[in-house]
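Chain residues, written in single-letter form:
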Amino acid sequence: MDNRHGLSRNIPADVKRTVRQRDGFGCVVCGKAIYDYEHFDPEFADATQHDPAGIVLLCISCHGKKTRGFLSKQTIAAARQSPNRTELKDIWRRLLANAFDPVRSKWIRASFIEIAKKLDPLDALVLEKLQDGADGQLKPSSRDYVSTALGVPSVEVMLSFENLKALGLIWHQPHEVHHPMLTDKGRVFLAAAQA
Ligand SMILES: [Zn+2]
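Residues numbered from 1 in each chain as written. Predicted model: local features only at pLDDT ≥ 70, side-chain atom pairs only at ≥ 80, totals over all residues.

**Here's the deal with helix α6 (residues 121-130)**
To be explicit about the condition: We call a residue exposed when 12 or fewer other C-beta atoms sit within 10 Å of its C-beta, buried when the count reaches 20 or more, and partly exposed for counts in between; the C-beta positions come from the backbone. Strands here mean DSSP runs of E at least two residues long; helices mean DSSP runs of H or I at least four residues long; both are numbered from the N terminus.
Judged by how many residues are buried, α6 sits mostly within the fold: 9 of 10 residues are covered. When we look at burial in α6, the residues that qualify are P121, L122, D123, A124, L125, V126, L127, K129 and L130.

**A closer look at the environment of Y145**
Under the convention used in this document: Contact definition: two residues whose C-beta atoms, as placed from backbone geometry, lie within 7 Å.
Note that Y145 resides in helix α7 (residues 142-150). Overall, Y145 belongs to the partly exposed group, with 19 C-beta atoms counted inside 10 Å. The sequence separation of Y145 and G133 amounts to 12 residues, and the corresponding C-alpha distance is 9.7 Å. Excluding residues that lie within four positions of it along the chain, Y145 makes contacts with L138 and K139.

**Structural notes on the pairing of strand β2 (residues 55-58)**
The side chains of a regular strand alternate between both faces of the sheet. This is how it is decided: When DSSP finds two or more bridges between two strands, those strands count as paired.
Here β2 shows no split at all, with I55 and L57 on one side and V56 and L58 on the other all buried. Alignment of strand β1 (residues 36-39) against β2, held across 4 bridges, turns out to be antiparallel. Of the residues in β2, the one forming a bridge with D36 is L58.

**Focus on α7**
Our working definition: Working note: the arc is built from the helix axis to C-beta atom directions.
If you check which residues of α7 are buried, you get S142, R143, V146 and S147. Burial along α7 is one-sided: seen end-on, the buried residues are contained in an arc of 125°. Buried residues in α7 make contact with α6 and α8 (154-166). Of the residues trailing α7, G151 is marked for its positive phi of about 65°.

Interpretation note: all reported values are geometric properties and have no functional meaning in isolation.
Quick look at the structure:
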């Protein structure tokens with residue numbers, strides 16, 4: 001299906017390679033390693049050529065945001081320049097490498113990749129920082145330690161805690177939401193994503 005300028009949907013392999021390498025093998029907005037090639041400047045409907053400069057890697061959920069008008073081309077262009085998604089991409093890269101390691105269990109293949117899909121870059125950073133408390137104790141609290149270590153407002157750290165808890169990667173004592181610790185699942189996940 002060609003657009004009104006007669007441009008085919010099929011992006012040539014060499015253009016895809018250029019985009020893939022430039023965008024670091026992951027969605028430019030959130031870092032997920034399952035992505036597609038998207039014309040964004042101009043949109044495919046208006047494009048006359050497959051120019052790498054106007055094409056980015058986007059995952060399904062970020063592409064959906066773009067379609068619904070929540071991601072402008074300015075935001076996408078800025079995200080493409082931003083290095084702060086490296087951490088999640090690293091986790092993805094290691095998880096995927098481990099998923100093809102025949103020595104590892106099927107559980108890592110399926111369930112860990114499902115977990116990684118639901119993390120955003122800050123969640124990944126927060127989870128890795130929680131490892132600093134080898135005995136489960138971060139001072140003065142997990143929230144304050146992570147907030148200072150990452151230079152991120154504590155409200156954002158708390159949002160990450162909520163997501164990580166929903167995924168079963170951390171837990172906390174009743175009334176100690178600001179002071180979670182890694183669960184066994186969280187430790188195994190990190191080990192799988194780091195080996
Ligand atoms: Zn994305």
